[in-house]
Each structure stands twice: as C-alpha cells, then as structure tokens.
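Descriptive analysis of the structure
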Amino acid sequence: MATKSSGPPGVALRWAGVVAAPAALALGFLWAGGGFSPHRVTQDRLMSEMHASGSYGHGFRRRHAKGVCVGGWFDASGTAAHLSDAAVFRERHVPVVGRFALAVGQPDVADNPATVRSMALRFMPPDAPEWRTGMNDPPVLALRDARDASDQFLTQRIDPSTGKPDPASMNGFLTNHPWLQKAADEIAHRFVSSGFADDTYHSLDSFLLVASDGAKTPVRWAMVPAQSVAPADERTGDPNYLFRNLVAEIHEHPLQWHLMMTLAGAHDAVDDPSQIWADDDRQIDAGTLTLATVESEDGGPCTGISFDPLALPPGIVPSADPILQVRSAAYMRSFFLRSGETRGPSAVSPVMTATPGQVEGKRS
Amino acid sequence: MNVITQFSLLSRVLHWLMAASILVMLFIGLFMASSVGPHYHRLVTIHRPLGIAILVLALLRLANRLRTPAPLLPAEFPPLLKLAARASHVLLYMLMIALPLVGWGMLSAGGYPIPLWGQSVLLPPILPHDPTMWAWLRSAHTVLAFALFGLVLAHIGAALFHGLIRRDGVLQSMTGGGNTSNATGIGKTS
Ligand code: HEM
Ligand code: HEM
Ligand code: HEM
C-alpha cells in the first residue's frame, strides 16, 4: 500500500501543491498570450484595426490589396559586393517575381495618382537563399513603431454615419504624434509621378549590409526608374488606368530600375524610419532590375506568397528599426487569414494582362 | 523477479530536457504570435531551431523508449487510470513529433524560406507550395499547441498527485532519487 496521509491539514496543503503548479503555468500562458496586457499591440489587434479602417479581406491582402504580378531578373553591377556577401549583389540574371500594388485595403479601389504605390520583389538566385523586399513610393514613413501604427489605423477607422474616416481625428493624429510631423509634411509635398513605371520605390526601413569580413554598413535602398519620369496628370475615367498603363508599357518593352543603396551618414537615424536622411549621403548603384512579364493576381506567381521584409539572405540583416518586426508579423498574419478565405476575381483580371497577341489569338 | 522502479538515466535526462524546452517553446510561441515586436524576430529565430531540436530529441526518445523497459504503474492502481496514463503518454509522444513537423510543413506550404541556423542553413521544404494548406496547417499548429499545453498541465497535475497525495514512487521513477521509503507501490507487477 502507498503511504497514506497523516491528517486533514496536511492533505489540504498537498492538494494545494498539486493544483498550484498547473494553475501557475496556465496563468503564465495567459500572460504570454497578452491576457493581462490589454494595451499590447498584437497581430490580431492590427488586423482588426485594419478591418475597421476599411480593409476588405475575403482572400485579399489586408493592405496593398489591389495589385498585379510581374516577372523578370536582376543583374548586379558588382559595386555593392564589397559591402554585402549576398549573392544578388554578385550574380547576373537572378530571377525575380514581383508585385505592383496600391497601398490600400480595398481590392476594387479606383486608381488615383495620390494613392501610395508599391513594388514588392522576390529575388531567387538559383544557388543561394532568396531575398524578399517591399517598397513604397513616398520618401519617408510617418510611423516610428508599433504604437504609432496602431494609433494611425485607429484614426483611420471608418465612421459608420459617413462611411469615411473622421477628418478631425486624422488631423488629431499628428497633434498627438508631433514627432511624425516632419515626415508627414515631406510626404504631403512629395513629387508624384505619372504611373507605376516611372515611380521610385523606397525601402523606408533601414537594413545592415554585411561584408565577407563581417563589417556592417547601415543602408536604405530605392528602386529608381530608368524610364523617363513625368509628373502625374489628371486622372482619367478608367478606374484601372494606372494598372492598364503599366501592363501596356511592359508589353511594349521591358521596364528597368536601378537599385540605389544609400549608405547612412554619421548623423542619420538608422532605427527610425520617420527620420529623413541627409541629402549628401553616398549612393551606390547595386544593379539593374528588368521586369519583362506581367500577369493577373488570379493565378499569378505573386499571390500565394507574402513579401516578408525579414526574409533576408546572408549578407543583409535587419536594423533595430521596430517597424520591420511589425511588418514581418503583420504580413504573416495577413497571409494566413487571406490564404484560408475564398477570394473573388481581381480588379486587374487575366484579360487585362493578356498580351495583345494572345487576346487576338483567342478572338479569331 | 527483477523489478524496475526507475526510468533509465537516459530516459530521465531526455524527459527533463524536453520538458523544459517544450514549456519554453509553448511560451515563446504564444508570446510571439500575439506580439509584433520588439522581440518578435528574435523569438521566431529561436522558435524554429528549438522546435526542430525537440523533433530530433522526440524521435531519439521514442526509439529509446521502445528499446528499454520502463517501470510499471503500481499494481493496485485502478485499470482505468492506468489506461488514461498510457494513452496520455502516447498522445504526448505524438504531439511532440507532430507539432514541429506541422510548424516545418506550414512554412513549406506557405512558400517561406525556413532559416534554421543563421541565414545560410535553411531547412528544405517538406511540402509543396500551397497557400490553402499553409492556412490549414497554421491553424493546426495553434490547435495542437494548445492541446499539448492542456495535456502537459494534466500530466504535471497527475505527477504531483502521485508524488504528493499517493506518494507511490511514480514521481521518483522520473525524478530519480532511487528507492526512497515512499517508493513502495511501484514495480509490483502482476
Ligand atoms: C507598420 C506599418 C505597416 C503595416 C502594419 C503593414 C501592413 C501590411 C499588410 C498586412 C500587408 C499585406 C501582406 C500580405 O497579405 O502578404 C502589407 C503589404 C505591403 N506592405 Fe506594408 N505595412 C506597414 C508598413 C509598410 C512599409 C513601411 C512599407 C514599405 C517600405 C510597406 C510595404 C508594403 C508592400 C510593398 C506590400 C505589398 C506586398 C505585396 O505586394 O504582397 N509596408 N502591408
Ligand atoms: C512539457 C512537459 C512534459 C512532457 C512533454 C512530458 C512527457 C512525458 C512522457 C511522454 C512521459 C512518458 C514516459 C515514457 O513512458 O516514456 C512522461 C512520464 C513522466 N513525467 Fe513527464 N512530461 C513533462 C513534464 C513533466 C513534469 C513537469 C513532471 C513533474 C512534475 C513530469 C513527471 C513525469 C513522471 C513522474 C513520469 C512517469 C510517469 C509514469 O511512469 O507513469 N513530467 N512525461
Ligand atoms: C515542439 C515544438 C513546437 C511548439 C511547442 C510550438 C508552439 C507554438 C505556439 C504555441 C505557437 C503560437 C500559436 C498561436 O498562438 O497561434 C506557435 C507559432 C508558430 N510556430 Fe511553433 N511550435 C513548435 C515547433 C515549430 C517549428 C519546428 C516551427 C518551424 C520550423 C514553428 C513555427 C511557428 C511559426 C511560424 C509560428 C507562427 C508565428 C506567428 O504567427 O507570428 N513551430 N508555435
């Protein structure tokens, strides 16, 4: 027989011991999941804030919902190879899958030149780890960290009575976040180009290039068009004109961009994407991106992946910029949600992206 | 009759090493999946190799368990509870193996690169790129992780019940410490 207990008080104490350990762990688990930190910015919270500010969902990306897939290659110039070990900075003709998009949550929004445009890329060297990056066209980001991002989504919340965000609260955002005023002014007065093809796309966040000897160089990068640049003209009646122009241009001839690396100067803030860098920073042309094919997201190669900005190859590491982690976590959650939903047809349809020859071929 | 009252040293070392790492993994996983920084990236970077280490250890442990005899529960222990204990151990083994496989499989199906160590050592994909499967497995990873956690809590409660209430030597069979005067019930095989 097992030794039996001595008396009731002893038993109670020992039973308390049996219950206490699992209970303490369960509480710890609740804490880890944010149960006791109602103010923590969680992935779920960002998703529901985006939803409340008009993000459509239903199988589409929670932001940058309207887009089109592109394909091409990247040829390194070799000038960045002494700063970074990454294969993309050495090799030529590295295959690329990309995506152009409008930085809004609605997949059917009408094209408007004022809407932020984006370019996302996945570099796939055959013999080395891949690199993913997402870039936007404003020159700076009016957000510093997760809290700023969450606050901003909240101020963009759709007011059910008007169907629009409340303009007063949008202005209030800058009053409450004065450290973002400078970046917001810069964005408000930025040059806006005529379309996707002549636009410049910025990493905004900073990264560190790592050389073979381990030396680290803080950088931001941008894709600068080789095409001639024109200012935005009046918006046409076609709700998809920006995408239609892009498709037509790629069908006419491949489009090219230079990957310009800006090396941080002595006074540049590396870990804060809301700080503008000095004008006289050194820049190097790391190579040329050529985009030669375009495909609708319906069945295209850019739909079933997420352009996680922290999917980095050896030779590039994240800076301590907090926005990078916010993005990595949010993109994964958005990718999870949309992959489990059934998705309607994309605004930029396979018919719109078909090459003129193909369409004629189908007609005849 | 040669009665085993303890798990072998290897079994005990594996049990406690894995108990610690699995609890750490559950906390890391839950914390990172409900945060967006400032430790998100670091935690994800620990979560992958630690999860794979658990997978490797679990397979070793299973092989070891099938090859070496383990102590039996006290003979007078109710058969239904014996069955529950056995079933829960089988389930624990299944989850220790399934959870890291699902983690690896879901990132494969999601088309993600899966760095294991630094940025140069990557895990190969074990499933074809399939976003629907990625979404499905990502949910399964959560459900299985919560199931594992619930089972671990019950398991710890049961171990403490043996150690503090019944004092039948079952706890000692895993903690070591040999034949204490309490370990009277164990090993009385029928
Ligand atoms: C904290 C701020 C941000 C949040 C919460 C956020 C959130 C998101 C989400 C949820 C998606 C959809 C991802 C998917 O389903 O795959 C997305 C897409 C995207 N984001 Fe952000 N984003 C942020 C900042 C930025 C910044 C600073 C940039 C650019 C430098 C950027 C560039 C992009 C691009 C290019 C895409 C489209 C990627 C694609 O085409 O798949 N985002 N963003
Ligand atoms: C994540 C945590 C844990 C896991 C996954 C785990 C898993 C297991 C497994 C699979 C067995 C069966 C051993 C076998 O037959 O090969 C076992 C046995 C055992 N574990 Fe754990 N364990 C954990 C934590 C703990 C803790 C915290 C305690 C003590 C408070 C504990 C005490 C025991 C005892 C006493 C046995 C022997 C039970 C018997 O012989 O019937 N375990 N554990
Ligand atoms: C015993 C092993 C493992 C345990 C106990 C575990 C546990 C967890 C838990 C509790 C979560 C949070 C789930 C949620 O709240 O939704 C999680 C998420 C996750 N796990 Fe694991 N996991 C294990 C192995 C792995 C492995 C091997 C990988 C990949 C190779 C992996 C990749 C992930 C990823 C990517 C997430 C999602 C992170 C996010 O949503 O931001 N896990 N895991």
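Quick caveat: nothing in here was measured; it's all calculated off a predicted structure. (Residues numbered from 1 in each chain as written. Chains lettered and ligands numbered in written order. Predicted model: local features only at pLDDT ≥ 70, side-chain atom pairs only at ≥ 80, totals over all residues. Heavy atoms only, no water.)

Protein coordination of the iron atom of ligand 1 is limited to a single donor, A:Tyr331 (OH), which sits 2.0 Å from the metal. Along the polypeptide, A:Tyr331 turns up in helix α7 (residues 322-339). (Donors = N, O, S within 2.8 Å, 3.2 Å for Na, K, Ca; no water. Helix = DSSP H or I, 4+ residues; strand = E, 2+ residues; numbered from the N terminus.)

A few words now on the site of ligand 2. Residues and elements named next belong to chain B. Close contacts around ligand 2 come from 19 residues, with His-15, Arg-61, Arg-65, Tyr-93 and His-155 the closest. The separation between an oxygen atom of ligand 2 and a polar side-chain atom of Arg-65 is 2.7 Å. Contacts to ligand 2 include His-155, whose side-chain N or O atom sits 2.8 Å from a nitrogen atom. In terms of residue class, the shell around ligand 2 is made up of 13 nonpolar, four polar and two charged. (Near = heavy atom within 4 Å. Polar contact = N/O pair within 3.5 Å; in protein donor to acceptor, adjacent residues only side chain to side chain. Nonpolar A, V, L, I, M, F, W, Y, C, P; charged D, E, K, R; others polar.)

So, on to the confidence of the model for chain A. Residues and elements named next belong to chain A. In the predicted model, chain A carries a mean pLDDT of 94, and 96% of its residues have values of at least 70. Taken together, the stretch residues 1-5 has pLDDT below 50 and engages in 14 contacts with residues farther than four places along the chain or on a different chain. The low-confidence segment residues 360-364 (pLDDT under 50) makes zero contacts with residues lying over four places distant or belonging to another chain. (pLDDT = per-residue confidence, 0-100. Contact = heavy atoms within 4.5 Å.)

With that settled, the discussion passes to the nonpolar core. Soluble globular proteins tend to pack their nonpolar side chains together in the buried interior. A:Leu46, B:Met18, B:Ile22, B:Val36, B:Leu107, B:Trp134 and B:Leu148 are the most contacted members of the largest nonpolar core, which has 56 residues in total. If you list the elements that add at least two residues to this core, you get α1 (8-32), α2 (43-52), α3 (146-155) and α7 of chain A together with α1 (9-33), α2 (40-67), α3 (79-109) and α4 (131-166) of chain B. Of all the elements, α3(B) adds the most residues to this core, at eleven residues. Setting aside residues up to four positions removed in sequence, B:Val36 forms contacts with A:Val41, A:Thr42, A:Gln43, A:Leu46, A:Ala146, A:Gln325, A:Val326 and A:Ala329. In terms of nonpolar packing, the next biggest core, distinct from the first, is built from 49 residues, A:Ala86, A:Tyr201, A:Leu209 and A:Val219 among them. (Core = buried A, V, L, I, M, F, W, Y, C linked by side-chain atoms within 4.5 Å. Buried < 20%, exposed > 50% of the residue type's maximum accessible area, 1.4 Å probe, protein only.)

All names here are of chain B. For the iron atom of ligand 2, the full set of protein donor atoms is His-15 (NE2) and His-155 (NE2), at a range of 2.0 Å. Considering all six donor atoms around the iron atom of ligand 2, angles at the metal cover 88 to 179° and the coordination shape is octahedral. In this pair, His-15 sits in helix α1 while His-155 sits in helix α4, placing the two residues 140 residues apart along the sequence. (Tetrahedral: all angles 85-135°; square planar, octahedral: opposite > 155°, others 65-115°.)

With that out of the way, let us pick up the UniProt feature "active site" (unreviewed entry) in chain A. Residues and elements named next belong to chain A. Under the local residue numbering, the UniProt record ascribes the feature "active site" (unreviewed entry) to His-64. Its location among the elements puts His-64 in the loop between α2 and β1 (66-76). Given the relative accessible area of 14%, His-64 is considered buried. Among residues more than four places away in sequence, those in contact with His-64 are Arg-99, Ala-101, Leu-102, Ala-103, Val-104, Ser-118 and Asn-136. (UniProt positions renumbered as here; feature names shortened; annotations may be inferred.)

With that out of the way, let us pick up the UniProt feature "transmembrane region" (unreviewed entry) in chain B. Residue and element names in this part refer to chain B. Under the UniProt annotation, "transmembrane region" (unreviewed entry) lies at residues 12-34, 46-63, 90-114 and 143-165. End-to-end, the C-alpha atoms of residues 46-63 are 26 Å apart, and along that stretch the chain is 100% helix and 0% strand. Taken end to end, residues 143-165 is 100% helix and 0% strand, and its two terminal C-alpha atoms sit 32 Å from one another.

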